[in-house]
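The primary structure of each chain is shown beneath.
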Amino acid sequence: MIAADNLQKTTGETNGETKFDLLTYLKERQKLCEAALDEAVPMRYPDKIYEAMRYSLLAGGKRLRPVLCLATCEMTGGTIELAMPTACAVEMVHTMSLIHDDLPAMDNDDYRRGKLTNHKVYGEDIAILAGDGLLAYAFEYIAVNTKNVPCEQVLQVIAHLGRASGAAGLVGGQVVDLESEGKLDTNEETLTYIHNHKTAALLESSVVCGGILAGASSEDLLLLSRYSQNIGLAFQIVDDILDVTSTQEQLGKTAGKDLRAQKVTYPSIWGIEESKNKAQQLISNACAELAPFGEKAQPLIAIAEFITSRDR
Ligand code: GRG
């Protein structure tokens with residue numbers, strides 16, 4: 001869950017007008033997502049694999065991607081109900097990517113979301129399969145459970161999420177990231193490729209799919225895509241900063257990993273202060289894309305601002 005003290009910045013009053021209360025909003029939406037995810041993956045035979053899938057899926061986390069998906073669907077005229085199966089699916093894809101990322105063959109990490117990583121509890125074989133199970137189920141879940149949305153739009157959502165997950169998205173970003181480890185001459189262009197694919201692609205898909213489900217116009221989908229690409233890159237810059245400035249207790253995962261793995265990051269190129277400025281500029285650019293949505297964009301604007309103020 002999101003640290004309450006860190007959200008005070010986005011609540012309260014300014015100029016006599018009540019500002020959008022992000023803390024209450026996020027708590028409510030996270031609770032809805034937790035319940036929907038719990039229901040989406042019930043225990044079944046063979047118990048071991050469902051237990052391993054549920055272990056990581058229900059281990060907390062900020063639930064940023066599903067909350068973005070729901071918020072975008074509502075902003076563009078849809079409802080929470082229309083978007084919930086896709087919101088659950090993006091969190092399933094995100095969780096599987098974390099399980100595989102933590103494996104010894106990749107980042108080799110022992111902690112995630114404040115708990116032992118999946119392979120540390122269930123072994124590498126089951127952790128790989130738990131990731132595979134979540135990935136396949138994500139697409140089944142959208143196809144079977146999305147109601148009151150034309151089939152054409154459901155297909156677009158499945159195609160968008162498939163592209164964001166595969167070699168044109170997360171997988172591609174991860175491959176270039178692995179290739180860049182230990183190469184301290186990695187340039188900014190390559191770094192931006194990694195982050196746009198490894199991190200921004202799924203955030204973008206969470207947002208754009210919310211819009212597709214609501215039947216948003218192609219012009220609005222373009223604005224949403226630009227909003228989410230900007231917050232995606234800002235999210236990763238902040239992640240890199242937190243890796244340097246935070247502790248394992250704060251992050252729920254190992255801190256200081258980038259330096260140890262000899263990874264080039266935004267802070268290592270620009271320094272912490274300049275990286276913060278760049279992240280803030282990206283958030284301003286993201287919010288500017290939402291101007292045509294007026295007041296209805298408040299949740300997406302508040303979530304964007306939260307990205308730079310978060311402490312984990
Ligand atoms: C998707 C088919 C498929 C394969 C996965 C392993 C891999 C390929 C990609 C790695 C993707 C990865 C781990 C990117 C890092 C993104 C990131 C910054 C994660 C942290 O997200 P938070 O802070 O985490 O939202 P919580 O725990 O809060 O959900």
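Preceding this section is the structure that the text describes.
Keep in mind the model is a prediction, meaning the values are calculated, not measured.

1. Some thoughts on helix H1 (residues 22–40)
Part 1 of the reasoning: In a regular helix each residue adds 1.5 Å, so 19 residues correspond to 27 Å; H1 covers 26 Å between its end C-alpha atoms and thus fits that length.
Part 2 of the reasoning: Buried positions along H1 lie against helix H2 (47–57), helix H3 (64–75), helix H4 (80–101), helix H6 (124–145) and helix H15 (298–309).

2. As for the site of the ligand
Part 1 of the reasoning: Within the structure, the ligand sits among 19 residues, and Lys62, Arg65, His94, Arg113 and Gln174 are positioned closest to it.
Part 2 of the reasoning: Side-chain polar atom of Lys62 to an oxygen atom of the ligand: 2.6 Å apart, as the coordinates give it.
Part 3 of the reasoning: A distance of 2.8 Å is found between an oxygen atom of the ligand and a side-chain nitrogen or oxygen belonging to Arg65.
Part 4 of the reasoning: Considered on its own, the ligand offers 750 Å² of accessible surface; in the complex 92% of this is hidden by protein.
Part 5 of the reasoning: For the shell around the ligand, the secondary-structure elements that each account for two or more residues are H4, helix H8 (170–180), helix H9 (188–213) and helix H10 (218–245).

3. Considerations on H9
Because each turn of an α-helix spans 3.6 residues, side chains separated by three or four positions in sequence point in the same direction.
Part 1 of the reasoning: Given a rise of 1.5 Å per residue, 26 residues ought to cover 38 Å, and the 35 Å separating the end C-alpha atoms of H9 matches this to within 8%.
Part 2 of the reasoning: At Ala200, H9 shows its largest kink, close to 50°.
Part 3 of the reasoning: Positioned one or two residues after H9, Gly215 has a phi angle of 80°, which is positive.

Analysis parameters
- Residues numbered from 1 in each chain as written.
- Predicted model: local features only at pLDDT ≥ 70, side-chain atom pairs only at ≥ 80, totals over all residues.
- Heavy atoms only, no water.
- Helix = DSSP H or I, 4+ residues; strand = E, 2+ residues; numbered from the N terminus.
- Expected span 1.5 Å × (residues − 1).
- Contact = heavy atoms within 4.5 Å.
- Near = heavy atom within 4 Å.
- Polar contact = N/O pair within 3.5 Å; in protein donor to acceptor, adjacent residues only side chain to side chain.
- Areas by Shrake-Rupley, 256 points an atom, 1.4 Å probe, with all protein chains shown as cover.
- Bend = angle between axes of the 7 residues up to and from the residue.

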